[in-house]
Amino acid sequence: MLTNTTPLTSNRGLLDWVQDKAALFQAESIHWCDGSETEYQALCGLMVRGGTALRLNPQKRFNSILVRTDARDVARVEERTFICSRSPHDAGPTNNWRDPFAMKALLGRLFDGAMRGRTLFVVPFLMGPPGSPLARVGVQLTDSPYVAASMKIMTRMGQVALDALGDEDFVPCLHSVGYPLLPGEEDVPWPCDPERIVVAHFPEERQIWSYGSGYGGNALLGKKCLALRIAGVMAREEGWLAEHMLILGLSNPAGEKIYLAAAFPSACGKTNLAMLKSALPGWKVECVGDDIAWMRFGNDDRLYALNPEAGFFGVAPGTSWRSNPHAMEMLRANTIFTNTALTPDGDVWWEGMTEGPPDKLVDWTGQEWTPDCGRRAAHPNARFTTPARQCPVIDPAWEDPRGVPIAAILFGGRRAATVPLVYEAFDWAHGTFVGATMASETTAASSGEAGRLRRDPFAMLPFCGYHMGDFFADWLHVGHLLPAASLPRVYAVNWFRKGEDDNFLWPGFGENVRVLKWIFERVADDGNGADAAQAGVAQPGAAQAGVAQPSAIGNLPAPGALDVAGLDLPAENLRQLFAVNPGEWQHEAQDILDFYEMFDDRLPDELHDELESLLARMKPSLQMV
Ligand code: O2Y
Ligand code: MN
């Protein structure tokens with residue numbers, strides 16, 4: 001039974017807030033979530049009985065369910081996501097701004113009675129490992145058992161969060177799917193109010209109010225809303241960083257290890273990289289997190305990063321034994337699948353999982369499906385929600401309250417042309433420029449329109465809770481706090497460059513470890529991890545290991561420095577992968593200049609200087625074009 005009405009805390013502020021909001025929502029009952037396994041099973045049972053979920057065959061997927069959402073509620077909705085700062089200037093040009101009083105009035109009306117006939121779940125959750133100085137507590141009020149169950153996987157939920165909270169303040173998160181039930185009215189499998197979705201952030205008050213959607217980033221408020229948009233505002237004030245980055249540990253054959261953080265826009269294979277299965281013998285990647293990094297400087301002046309989440313909410317389509325074998329292993333049990341297809345024997349399936357599709361499926365909408373029916377079987381944004389501890393390569397330090405020391409930061413995107421496989425920024429300011437100007441081509445799955453270049457600074461475009469120009473300034477400021485040698489080195493990577501025949505030039509997936517290896521060898525003697533003297537790099541290309549050569553855009557691997565031994569990669573591919581085409585870069589520079597315009601006088605001068613320096617370095621070759 002899910003009617004634990006006894007508050008599990010004596011925090012007066014929390015008790016008063018719950019009482020006040022319960023009166024607003026007019027819920028039929030209240031349940032305080034304790035985060036126990038029994039409670040999780042009860043939440044799943046509720047979803048199964050209500051037709052929201054079905055249990056998968058335990059021989060195939062132990063203790064796992066498949067949830068089908070309403071077809072109108074399948075993804076984050078950026079156009080309905082708002083930053084409600086007092087001044088529109090504080091939200092900046094990349095956010096949708098609304099006046100906080102007007103927004104509260106609107107949501108107050110929508111929330112009024114929104115939970116009639118439903119249970120209000122009080123979901124206390126902790127972002128970050130218990131005991132970490134960076135850990136933060138949120139409390140989400142929600143009428144969705146799917147959200148409560150997902151929060152159990154994605155966060156440290158229940159009593160552990162209340163224990164961490166004590167009598168302190170928390171981030172209040174209000175959420176309703178917006179589908180009250182009249183007496184005797186029958187529920188629908190996925191209640192929502194898709195025409196009136198609002199995901200509102202109040203950065204000055206550090207509150208999140210979300211209405212109308214039960215899906216992903218709109219509804220699991222610990223993730224993008226708290227851990228990025230609101231945490232970003234907190235971080236700014238308190239002197240740390242909240243970033244849309246994976247964190248991974250990289251070990252060489254001698255067992256030395258460094259940690260990397262990497263920002264990629266959505267749909268660029270972040271989860272695949274975070275738990276990559278190395279194609280190079282002896283080299284190993286271990287996963288700390290696949291989506292969000294909270295970073296701060298330690299007493300030793302090194303930058304430490306932690307994963308505030310406890311689970312993965314990954315994109316299912318495209319995940320396969322080839323692209324991400326470690327994910328496939330971790331999805332064998334204890335997982336909530338959302339909007340995938342169902343096989344006749346009670347397993348899940350999605351496009352890209354196997355070479356060819358099964359003969360017969362039930363698609364994500366519940367309809368019968370055959371390969372020739374002309375429809376997709378899984379929704380392109382179908383997801384898995386699974387505990388991080390199940391990842392077979394979870395890093396031993398993933399719950400270290402201090403975080404892990406970061407030796408290098410990578411910025412990536414999906415670029416068919418222009419951007420080499422990898423290059424190194426000259427220094428922190430140049431690295432900030434690389435992050436601020438990163439861009440990615442949209443895929444049909446990500447936006448419905450393939451191949452359009454979208455600038456996505458630091459992969460934070462949809463997730464920065466304040467003015468992006470100030471965000472750039474904060475990054476530049478970090479570079480002034482510490483000696484250059486203490487700072488992580490910064491890299492741009494692009495697995496997606498194509499040749500003239502429109503084929504990818506680089507094999508990607510497990511072979512990406514070769515790029516990580518070059519980075520390892522570059523940073524090995526920086527004092528942020530492994531020591532070069534013992535780095536054990538006597539491998540193919542050893543004479544050039546870790547060597548770079550400067551180019552106009554940054555340091556490229558010197559000939560022979562990228563280990564391609566055993567890879568059947570034509571020399572011409574390698575040449576094209578690292579080509580710096582002056583015409584393309586001139587075009588890139590113009591596009592960056594156009595992009596800069598929206599930031600007006602909030603764009604730090606250093607970023608203008610970096611663009612000018614890039615053009616100045618390009619000049620000799622441009623004259624030849
Ligand atoms: O569509 C959604 O609600 C999920 S978006 C998401 C989920 C997990 C990790 N990253 C993202 C993203 O959009 O960056
Ligand atoms: Mn993400």
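It should be noted that the structure appears before, not after, this text.
Conventions used here
Residues numbered from 1 in each chain as written. Chains lettered and ligands numbered in written order. Predicted model: local features only at pLDDT ≥ 70, side-chain atom pairs only at ≥ 80, totals over all residues. Heavy atoms only, no water. Axes fitted to C-alpha atoms, helices over the stretch in contact; angles between N-to-C directions. Helix = DSSP H or I, 4+ residues; strand = E, 2+ residues; numbered from the N terminus. Left-handed = near helix turned anticlockwise from the far one by under 90°. Contact = heavy atoms within 4.5 Å. Nonpolar A, V, L, I, M, F, W, Y, C, P; charged D, E, K, R; others polar. Buried < 20%, exposed > 50% of the residue type's maximum accessible area, 1.4 Å probe, protein only. Near = heavy atom within 4 Å. Polar contact = N/O pair within 3.5 Å; in protein donor to acceptor, adjacent residues only side chain to side chain. Areas by Shrake-Rupley, 256 points an atom, 1.4 Å probe, with all protein chains shown as cover. Patch = residues over 30% accessible without salt bridge, like charges linked within 9 Å, V, L, I, M, F, W, Y side chains within 5 Å. Salt bridge = Lys/Arg side-chain N within 4 Å of Asp/Glu carboxyl O. Lys, Arg positive; Asp, Glu negative; His and termini not counted. Charge placed at Lys NZ, Arg CZ, Asp CG, Glu CD. Pairing = 2+ DSSP bridges. Phe/Tyr/Trp six-rings, centres within 6.5 Å; stacked < 30°, edge-to-face > 60°.

Participant: Please give an account of the packing of helix 2 (residues 37–49) against helix 5 (residues 145–154) that cites residues and values.
Facilitator: Two elements in contact, helix 2 and helix 5, have axes whose closest approach is 9 Å; the angle formed by their N-to-C orientations is 145°. As for how helix 2 packs across helix 5, the hand of that crossing is left-handed. Together, E37, Y40, L43, L46 and M47 of helix 2 and P145, Y146, A148, A149, K152 and I153 of helix 5 make up the contact between the two elements. Class assignment of the residues belonging to the contact of helix 2 with helix 5 gives a composition of 9 nonpolar, no polar and 2 charged.

Participant: How would you explain helix 14 (residues 513–523) if you had to name every residue and give the values?
Facilitator: When you tally the buried positions in helix 14, you get 11 out of 11 residues, the bulk of the element. Of all the positions in helix 14, only V513, R514, V515, L516, K517, W518, I519, F520, E521, R522 and V523 are classed as buried.

Participant: I'd like to hear about the site of ligand 1, residue by residue, with values.
Facilitator: Within the structure, ligand 1 sits among 14 residues, and R76, G217, K224, S266 and N381 are positioned closest to it. Measuring from a nitrogen atom of ligand 1, one finds a side-chain N or O atom of K224 at 3.0 Å. Within the contact set of ligand 1, an oxygen atom lies 2.7 Å away from a side-chain nitrogen or oxygen of S266. Its free accessible area being 350 Å², ligand 1 has 92% of it covered by the protein chains. Sorting the residues of the shell around ligand 1 by element identifies helix 7 (216–219) and helix 8 (222–238) as the ones contributing at least two each. Taken together, the residues of the shell around ligand 1 sort by class into 4 nonpolar, 5 polar and 5 charged.

Participant: Explain a negative patch on the surface residue by residue, including any values.
Facilitator: On the surface, a cluster of negative charge is made up of D594, E597, D600 and D601. Along the chain, E597 falls in the loop between helix 16 (582–596) and helix 17 (605–624). Given the relative accessible area of 61%, E597 is considered exposed.

Participant: So what's going on with the sheet that holds strand 19 (residues 336–338)? Residues and values would help.
Facilitator: Spatially, the 5 strands line up as an open sheet ordered 2-3-19-24-18, and their pairing is mixed. Looking at which strands have only one partner, the edges of the open sheet turn out to be strand 2 (53–55) and strand 18 (311–315). With direction set aside, neighbouring strand axes in the sheet form an average angle of 20°. With 5 bridges joining them, strand 18 and strand 24 (residues 383–387) adopt antiparallel strand pairing. Bridge pairing in strand 24 links G314 to F384. Against the sheet, helix 2 touches strand 2, strand 3 (65–67) and strand 19, its axis set at about 110° to strand 2.

Participant: Tell me about the packing of aromatic side chains, and please be specific about residues and values.
Facilitator: Taken as a whole, this structure holds 24 aromatic pairs when the rule is applied. Arranged with centres 4.7 Å apart and planes meeting at 40°, the rings of F458 and W475 form a pair that is tilted. Of this pair, F458 sits in the loop between strand 28 (453–455) and helix 13 (468–481) while W475 sits in helix 13, and the two are 17 residues apart along the sequence. Residues F458 and W475 agree in their burial class; the two are buried. For the ring pair Y491 and W518, a centre distance of 6.0 Å and an interplane angle of 80° mean the geometry is edge-to-face. Placement of Y491 in strand 29 (residues 489–493) and of W518 in helix 14 is noted, with a sequence separation of 27 residues between them. The pair formed by Y491 and W518 is uniform in burial state, with each residue classed as buried.

Participant: Any chance you could break down the pattern of salt bridges for me, citing the residues and the numbers?
Facilitator: Summed over the entire model, instances satisfying the criterion amount to 41 salt bridges. Here K104 makes a salt bridge to E205, at a shortest N to O gap of 2.7 Å. Pair noted here: K104 is in helix 4 (residues 100–111) and E205 is in the loop between strand 10 (198–202) and strand 11 (207–211), with a separation of 101 residues, a long-range link. In this structure E205 comes out as partly exposed when scored by relative accessible area, which is 42%. Connected via shared salt-bridge partners are D90, R236, D470, D474 and R602.

Participant: Describe in detail unusual backbone geometry, supporting the description with residues and values.
Facilitator: Notably, A267 is not glycine yet its phi reads approximately 70°, a positive angle. Residue position: A267 is located in the loop between strand 14 (257–263) and helix 9 (270–274).

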